[in-house]
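Descriptive structure summary
Now for the letters of each chain:
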Amino acid sequence: MNSERRALRLIPRDFQWRFTGNKSLELSFSLPRGCFATALVRELISYPLAS
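These notes cover the structure that comes with them. (Residues numbered from 1 in each chain as written. Predicted model: local features only at pLDDT ≥ 70, side-chain atom pairs only at ≥ 80, totals over all residues. Heavy atoms only, no water.)

**Regarding the overall build of the protein**
Summing up its helical and strand segments, the protein has one helix and two strands in all. Structurally, the protein occupies a C-alpha span of about 50 × 35 × 15 Å along its principal axes. Burial status across the protein gives 2% buried among its 51 residues. Surface exposure of the protein reaches about 5500 Å², of which carbon and sulfur atoms provide 52%. The protein carries 8 positive and 4 negative side-chain charges, and their two centres are separated by 3 Å. (Helix = DSSP H or I, 4+ residues; strand = E, 2+ residues; numbered from the N terminus. Buried < 20%, exposed > 50% of the residue type's maximum accessible area, 1.4 Å probe, protein only. Areas by Shrake-Rupley, 256 points an atom, 1.4 Å probe, with all protein chains shown as cover. Lys, Arg positive; Asp, Glu negative; His and termini not counted. Charge placed at Lys NZ, Arg CZ, Asp CG, Glu CD.)

**A look at a nonpolar patch on the surface**
Taken together, Phe 15, Trp 17, Phe 19, Leu 25, Leu 27, Leu 44, Ile 45, Tyr 47 and Leu 49 make up a surface patch of nonpolar side chains, about 990 Å² in accessible area. Elements represented by at least two residues in the nonpolar patch include exactly β1 (13-21) and β2 (24-30). Take the nonpolar patch: its biggest share by element is three residues, from β1. Take Leu 44: it is sitting in helix α1 (residues 37-44). (Patch = residues over 30% accessible without salt bridge, like charges linked within 9 Å, V, L, I, M, F, W, Y side chains within 5 Å. Salt bridge = Lys/Arg side-chain N within 4 Å of Asp/Glu carboxyl O.)

**Remarks on the environment of Phe 29**
Within the secondary structure, Phe 29 is located in strand β2. Distance from Phe 29 to Trp 17, taken between C-alpha atoms, is 8.8 Å for residues twelve residues apart in sequence. Among residues more than four places away in sequence, those in contact with Phe 29 are Pro 12, Arg 13, Asp 14, Phe 15, Ala 37, Leu 40 and Val 41. (Contact = heavy atoms within 4.5 Å.)

**Some remarks on the pairing of β1**
Relative to β2, β1 is paired through six bridges, and the arrangement is antiparallel. Within β2, the residue paired with Phe 19 across the bridge is Leu 25. Between β1 and β2, which pair antiparallel one after the other, the connecting turn spans two residues, and Asn 22 there sits at a positive phi close to 50°. (Pairing = 2+ DSSP bridges.)

**Comments concerning the packing of aromatic side chains**
Applying the stated criterion to the full structure yields two aromatic pairs. An angle of 80° between the planes, with centres 5.6 Å apart, marks the rings of Trp 17 and Phe 19 as edge-to-face. (Phe/Tyr/Trp six-rings, centres within 6.5 Å; stacked < 30°, edge-to-face > 60°.)

Listed below in structure tokens is the structure:
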């Protein structure tokens with residue numbers, strides 16, 4: 001079994017954003033195979049943790 005590693009740095013392709021109203025932000029991008037959009041979005045936003 002071969003082990004594989006994920007890249008430490010991710011550069012999304014075709015990245016676009018726009019405000020859609022009601023304080024909403026729409027993101028559009030492409031990622032390489034094996035990368036997760038949730039990981040990218042987590043790095044882009046700041047949110048308070050529930051206590």
